[in-house]
Number of protein chains: 2
Amino acid sequence: MSQDTRYTVIGAGHGGKAMAADLAAKGFAVTLYNRSVERISEIAVCGTIDLEYENGISRCCRLASATSDIGEALEEADVIMVVTPASAHRDIAHSCAPHLHDGQIVVLNPGRTGGALEFRQILNRLDCAADVIVAETGTFIFASRSTGPAQARIFRRKNAVPLAALPAVHTGHVLETICDAYPQFIPAPNVLHTSLDNMGAIFHPALALLNAGWIERTRGEFQFYIDGVTDSTSRVLEVLDRERVTVAAALGVRARSAMRWLKDAYSAKGDTLYEVILGNPGYRGIKAPRNMRHRYVFEDVPFSLVPLISLGTQFGVDTWGADAMVRLACVVHGTNYYERGRTAEDMGLRGLRVSEVKRYVHEGKIKPIYAFADRGNGRSRQRAALSVERT
Amino acid sequence: MSQDTRYTVIGAGHGGKAMAADLAAKGFAVTLYNRSVERISEIAVCGTIDLEYENGISRCCRLASATSDIGEALEEADVIMVVTPASAHRDIAHSCAPHLHDGQIVVLNPGRTGGALEFRQILNRLDCAADVIVAETGTFIFASRSTGPAQARIFRRKNAVPLAALPAVHTGHVLETICDAYPQFIPAPNVLHTSLDNMGAIFHPALALLNAGWIERTRGEFQFYIDGVTDSTSRVLEVLDRERVTVAAALGVRARSAMRWLKDAYSAKGDTLYEVILGNPGYRGIKAPRNMRHRYVFEDVPFSLVPLISLGTQFGVDTWGADAMVRLACVVHGTNYYERGRTAEDMGLRGLRVSEVKRYVHEGKIKPIYAFADRGNGRSRQRAALSVERT
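K.L.:
Quick question: what am I supposed to make of the overall build of chain A here?
P.N.:
Across its full length, chain A holds 19 helices and twelve strands. For 391 residues, the compact-globule formula gives about 21 Å, and the C-alpha radius of gyration of chain A, at 21 Å, lands near that figure. Seen through its principal axes, chain A has C-alpha atoms that stretch 55 × 50 × 40 Å. Out of the 391 residues belonging to chain A, those deemed buried represent 59%. Contacts in chain A between residues far apart in sequence, at least 24 positions, make up 71% of those at least 6 positions apart. With an accessible surface of roughly 15200 Å², chain A has 48% of that area assigned to carbon and sulfur atoms. Positive and negative side-chain charges in chain A, numbering 45 and 42 respectively, have mean positions lying 4 Å apart.

Given below as structure tokens:
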């Protein structure tokens, strides 16, 4: 089995190694890139990753190459699968920009909130002239683990993972290009949908913070959802979820509630979020993090909650629940996540009206009549940046 | 042994019954008041409370009376000891106002933050003409429990409990009056000190909220301080404590840090708040609340944290940590604690400068030169209310 599309997977962690191996097993030419060479040195030597599938069967999957040279990694790629925590997206955009060329597709797996928007904005700022499409998924396609230096395991493969390109007029092209590898990607209306249907924003930081003592005292020796979701903690989740759905509504996006999503994704039953979570067999056995230095906080706070708050601020939605979570996370990690996190400005949306945002995510353009109107400090610069947008 | 000072204890809960019995045992004439008659019906019938002391010895203590008629309760009292959660202070002030008479002393045991100030403000608003002194303590003098309908137990008797009258010029008179009963009361400089040295504000809500899942899932089957204080939760405590100390500083009060206080009160050792709390033998065995409907939240949020935030707002101190806690408590209890809580306005301090606040808490007067200057909406009314202050 040999396939034409050439893939580069960026990031050799739990997700990246599994995806690189899986794509190779499917007959694609795959380059695996990792910034630090240590993570890929063994793969580079043997040229293969041992992948264990859901059914327990293992397979030795031969890659085209493994490199920590980004120019080399992107040279031949048709599709660049970014499989890293959202905290790496900025650096990746910066290092990719000089090496991208016309016709390439970059997919963030997943973008969290505003990943594709920020990635595109960085390419614009760096005057990247290559005609590339940036896209993002709503969630990572596998539940997978890195099980050794050149080993990975896929526990579960998700169905119906939403994907949107920026602008959305290119979503069809992206899906066509990657459907041979992953037919389970389905089109989302635009990146606002993939970004605002981000359930990790709701569940991860709040449950970690409201169980902080328990996590640290027992090194996470309890079930994160089944034990950690209680009457009080679920009330906080409900508030956060309402904020997310309201921000989405302000942007004209009808987002599913977390309860609806759980019922759809897991066929979970119940009348309250509390009941639905406790009755969800998919959550059984998922342990709490062993400590608070976990991506549930350091990824989901700056790249899921901060962008949500920033969009809420711009479009008139009070997000004080999310705000309380971010503040607590700042204290717990001694880090200013507001400063490090992804804002509407980072996403290139600052100063835009809803109609302009919609046009931007759908067509890649702002209405020309507004495009260069200076409505305030710094905005003409921002509009100018947007004007180099691919159309 | 017979003593001249006649006491009325308001509130027949864990603290009130112990104090009523203890005062009676010391030879004072004691009336015990409770709003609902059920709590005192058995005491009213037998006329006594069985009090078990720290050393295990029990004594049957005869009260002068037990009543749910506030007029009757206050008629003969020299000193009125209010021993209720702070959430009852407002109602008590309202029901006492018509029945108070010249020379009486009201002591809030404790006032939490701003108890005496709000009590006085309510008396003023209700045009209570009686020349009474309102005072508050920094903490309750016992660790005690109600062990039956007419039974109470004292586990521990605290030393050096700070007390301040409002205004502070009367603190000496109050201490003289009650020193026969409780020589362990010591003078605080003024009610800002007793109010801002409120450590419950720092420890109680934050530790309950950051261990909410653990509390609810295990019904509080862990040690509140020894287990619940961890690296992350102690960082939040540190932020809250810094906010408290900074608000105090803005009001010219040099408050002790929680770490200093723990070292002084318990001779606890350590270099960080985390170490000091974990190394404090006084915290061993103190269980977590069995659920989140606990005074650690419903008392300390509105009557410790909300007044702290309100004072911070007025005097330019950012209290976002406290704010995050209050917001979470609002969600967890479905209650607007900002609305129910004690504000600078409730304390009669709104619109005052620091110099005016200081003069008010020390002498009971605002500087005449400012007293009736109208600096904005509603302030002249407030100044007028202050002008009836006893001087």
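Next comes the rest of the account.
K.L.:
How do you make sense of the sheet that holds strand β3 (residues 48-52) of chain A when you look at a structure like this?
P.N.:
Strand pairing within a sheet occurs via backbone hydrogen bonds; the two strands may be parallel or antiparallel. All names here are of chain A. Sheet architecture is open: four strands sit in the order β4-β3-β10-β9, paired in mixed fashion. Bordering the open sheet on either side are β4 (58-62) and β9 (142-148), each of which pairs with just one other strand. Here the strands of the sheet are splayed against their neighbours by 30° on average, with no regard to which way each runs. Sheet strands touched by helix α1 (residues 14-25): β3, β4, β9 and β10 (151-157). Its angle to β9, the strand with the most contacts, is close to 100°.

K.L.:
Is there a simple way to explain the pattern of salt bridges in this structure?
P.N.:
Pairs may arise between side chains of opposite charge once their charged atoms sit close together. Counted by the stated rule, this structure contains 40 salt bridges over all chains. Its salt-bridge partner being Arg-35 of chain B, residue Asp-91 of chain B comes within 3.4 Å of it at the nearest N-O pair. Placement of the pair is Asp-91 of chain B in helix α4 (residues 89-96) and Arg-35 of chain B in the loop between β2 (29-33) and α2 (41-46), with a sequence separation of 56 residues. Its salt-bridge partner being Arg-235 of chain B, residue Asp-231 of chain B comes within 3.7 Å of it at the nearest N-O pair. One end of the pair, Asp-231 of chain B, and the other, Arg-235 of chain B, are both in helix α10 (residues 231-250), four residues apart, so they sit about a helical turn from each other. Here Asp-231 of chain B falls in the partly exposed class, since its relative accessible area comes to 39%. Classification of Arg-235 of chain B by relative accessible area gives partly exposed; the value is 28%. When salt bridges with common partners are traced through the structure, they connect Asp-22, Lys-26, Glu-54 and Arg-157 of chain A into a single cluster.

K.L.:
What is the right way to look at a negative patch on the surface in this model?
P.N.:
A cluster of like negative charges, contributed by Asp-69, Glu-72, Glu-75 and Glu-76 of chain A, occupies part of the molecular surface. Residue position: Glu-72 of chain A is located in helix α3 (residues 70-75).

K.L.:
Help me understand the environment of Glu-356 of chain A, please; the structure alone is not making it clear to me.
P.N.:
As for its placement among the helices and strands, Glu-356 of chain A is situated in helix α17 (residues 354-363). As a C-alpha pair, Glu-356 of chain A and Ile-366 of chain A span ten residues in sequence and 5.3 Å in three-dimensional space.

K.L.:
What is the right way to read the relation of the copies chain B and chain A from this model?
P.N.:
The relation between the two chain copies is a rotation about an axis coupled with a shift along that axis. Between chain B and chain A, the superposition needs a rotation of 180° and an axial shift of 0.0 Å, giving an RMSD of 0.0 Å. Taken together, the rotation angle and the small translation identify this as a two-fold axis. Most of the interface of chain B is mirrored in chain A, where 100% of its interface residues are also at the interface.

K.L.:
Help me understand the packing of helix α8 (residues 200-209) of chain B against helix α14 (residues 300-314) of chain B in this model?
P.N.:
Working note: a packed helix pair is described by the angle between its axes plus the distance between those axes. Residue and element names in this part refer to chain B. One way to put it is that α8 packs onto α14 with a least axis distance of 9 Å and a crossing angle of 125°. Here α8 lies oblique to α14, going by the angle between them. You can see that α8 and α14 cross each other, and the crossing is left-handed. Across the interface between the two elements, Gly-200, Ala-201, His-204 and Pro-205 from α8 touch Asp-300, Val-301, Ser-304 and Leu-305 from α14. By residue class, the composition of the contact of α8 with α14 is four nonpolar, three polar and one charged.

K.L.:
So what exactly am I meant to see when it comes to the nonpolar core here?
P.N.:
The biggest cluster of nonpolar side chains holds 91 residues, and the ones touching the most others in it are Phe-203 of chain A together with Phe-203 of chain B. What Phe-203 of chain A contacts, discounting residues up to four positions off in sequence, is Phe-224, Tyr-225, Leu-237, Ala-258, Trp-261, Leu-262, Ile-277 and Tyr-283 of chain A.

K.L.:
Would you mind going over the confidence of the model for chain A with me for this structure?
P.N.:
Note: predicted coordinates in regions of low pLDDT should not be interpreted at a detailed level. All names here are of chain A. Per-chain confidence: chain A averages 92 in pLDDT, with 93% of residues scoring 70 or above. Ignoring residues within four places in sequence, the model shows residues 368-391, a span with pLDDT below 50, making 46 contacts including any to other chains. The ipTM for the predicted assembly is 0.85, set against a pTM of 0.87.

K.L.:
I tried to follow the interface of chain B and chain A on my own but got confused; where do I start?
P.N.:
It is common to report an interface's size as the accessible area lost on association of the parts. Listed per partner, the contact involves 33 residues of chain B and 33 residues of chain A. It is Arg-217, Arg-327 and Val-331 of chain B that lose the most area in chain B upon contact with chain A, and together they represent 25% of the buried surface on that side. One can count two salt bridges joining chain B with chain A. With its nearest N and O atoms 3.5 Å apart, the salt bridge here joins Arg-327 of chain A to Asp-323 of chain B. On inspection of chain B and its partner chain A, the count reaches 22 residue pairs in polar contact (both at pLDDT 80 or more). Contributing elements (two or more residues each) for the side of chain B that touches chain A: α9 (212-218), α10, α12 (273-278) and α15 (320-333) of chain B. Considered class by class, the residues forming the side of chain B that touches chain A number 17 nonpolar, nine polar and seven charged.

K.L.:
For this particular structure, what's the right way to read the sheet that holds strand β8 (residues 133-137) of chain A?
P.N.:
All names here are of chain A. Read across the sheet, eight strands follow the order β5-β2-β1-β6-β7-β8-β11-β12 without closing on themselves; strand pairing throughout is mixed. The open sheet has two edge strands, β5 (65-67) and β12 (185-187), and neither has a second partner. Strand-to-strand twist of the sheet, defined as the mean angle between neighbouring strand axes without regard to direction, takes the value 25°. In this sheet, strand β6 (residues 79-82) lies alongside strand β1 (residues 6-10) in parallel orientation, the contact comprising four bridges. From the neighbouring strand, Ile-10 faces β6, where its bridge partner is Val-82. Contacting β1, β2 (29-33) and β6, α1 runs over the sheet at an angle of about 165° to β2. Running at roughly 125° to strand β11 (residues 161-166), helix α6 (residues 171-178) makes contact with β1, β6, β7 (105-108), β8, β11 and β12 of the sheet.

K.L.:
Got a minute to help me understand the environment of Val-106 of chain A in this structure?
P.N.:
All names here are of chain A. Residue position: Val-106 is located in strand β7. On the basis of relative accessibility, which here comes to 1%, the residue Val-106 falls in the buried class. Considering only alpha carbons, one finds Val-106 and Asp-318, 212 residues apart in sequence, at a separation of 33 Å. When neighbours within four sequence positions are excluded, Val-106 is seen to be in contact with Ile-80, Val-82, Leu-100, Phe-119, Ile-133, Val-134 and Ala-135.

K.L.:
Looking at this structure, I do not really get the side chain of Ser-234 of chain B. What am I missing?
P.N.:
Relative to the helices and strands, Ser-234 of chain B is located in helix α10. For Ser-234 of chain B, a relative accessible area of 3% translates into the label buried.

K.L.:
Sorry, what's going on with the side chain of Asn-280 of chain A here?
P.N.:
Residue and element names in this part refer to chain A. When you line up the elements, Asn-280 lands in the loop between α12 (273-278) and α13 (295-298). Given the relative accessible area of 0%, Asn-280 is considered buried. Reaching out from Asn-280, the side chain makes a polar contact with the backbone nitrogen of Gly-282 at a distance of 2.8 Å. Not counting the four nearest positions on each side in its chain, Asn-280 is found in contact with Ile-226, Leu-262, Tyr-266 and Ala-268.

K.L.:
How should I be thinking about helix α11 (residues 258-266) of chain A in this particular structure?
P.N.:
Since the α-helix packs 3.6 residues into each turn, any two residues three or four apart lie on the same face. Residues and elements named next belong to chain A. Inspection of α11 places Ala-258, Trp-261 and Leu-262 among the buried residues, and these make up the whole buried set. Projected down its long axis, α11 shows its buried positions confined to an angular sector of 100°, all on one face. Once α11 ends, the next one or two residues include Ser-267, with phi positive near 50°.

About the thresholds
- Each chain carries its own residue numbering, running from 1 in the direction its sequence is written.
- Here chains are named by letter from A upward and ligands by number from 1 upward, in the order in which they appear as written.
- Given that this is a predicted model, residues contribute local features only at a pLDDT of at least 70 and side-chain atom pairs are listed and counted only at 80 or more, while totals for whole chains, interfaces and linings are drawn from all residues.
- Side-chain numbers come from the whole structure's heavy atoms, not from hydrogens or water.
- Secondary structure follows DSSP: runs of H or I at least 4 residues long count as helices, runs of E at least 2 residues long count as strands, and numbering of each begins at the N terminus.
- Just to be clear, the radius of gyration here is over C-alpha atoms, and the globule rule we use is 2.2 Å times residues to the power 0.38.
- We call a residue buried when its accessible area falls under 20% of the maximum for its residue type, exposed when it is over 50%, and partly exposed in between, using a 1.4 Å probe and counting protein chains only.
- We call two residues contacting when some pair of their heavy atoms lies within 4.5 Å.
- Shrake-Rupley sampling with a 1.4 Å probe provides the accessible areas, and residues are treated as covered by the protein chains on show and by no other component.
- Here the positive residues are Lys and Arg and the negative ones are Asp and Glu; neither His nor the chain ends is included.
- Every charge is mapped to an atom, namely NZ of Lys, CZ of Arg, CG of Asp or CD of Glu.
- Whether two strands pair comes down to DSSP finding at least two bridges between them.
- Angles here are taken between N-to-C directions and fall from 0 to 180 degrees, while the axes themselves are lines fitted to C-alpha atoms, restricted in helices to the stretch in contact.
- When a carboxyl oxygen of Asp or Glu lies within 4 Å of a side-chain nitrogen of Lys or Arg, that pair is called a salt bridge.
- Exposure above 30% relative accessible area and the lack of any salt bridge qualify a residue for a patch; like charges then connect within 9 Å, and the nonpolar side chains Val, Leu, Ile, Met, Phe, Trp and Tyr within 5 Å.
- The copies were overlaid with a least-squares fit restricted to C-alpha atoms from residues scoring a pLDDT of at least 70 in each copy.
- Orientation labels follow simple angle bins: below 35 degrees gives roughly parallel, above 145 gives roughly antiparallel, 65 to 115 gives roughly perpendicular, and whatever is left gives oblique.
- Each crossing gets its hand from how the near helix is turned against the far one by less than a right angle, where anticlockwise is left-handed and clockwise is right-handed.
- Charged residues are taken to be Asp, Glu, Lys and Arg, nonpolar residues to be Ala, Val, Leu, Ile, Met, Phe, Trp, Tyr, Cys and Pro, and polar residues to be all remaining types, Gly included.
- Residues grouped as a nonpolar core are buried Ala, Val, Leu, Ile, Met, Phe, Trp, Tyr and Cys residues, joined through side-chain atoms within 4.5 Å.
- The predictor attaches a confidence to each residue, called pLDDT, with possible values from 0 through 100.
- When two components associate, each loses some accessible surface as probed by a 1.4 Å sphere; the sum of these losses over both components is called the buried area.
- In the analysis that follows, any N or O atom pair within 3.5 Å is treated as a polar contact, provided that within protein one partner can donate a hydrogen and the other can accept it, and provided that, for residues neighboring in sequence, both atoms belong to side chains.
- Of all possible arcs, the one meant is that of the directions from the helix axis to the C-beta atoms.

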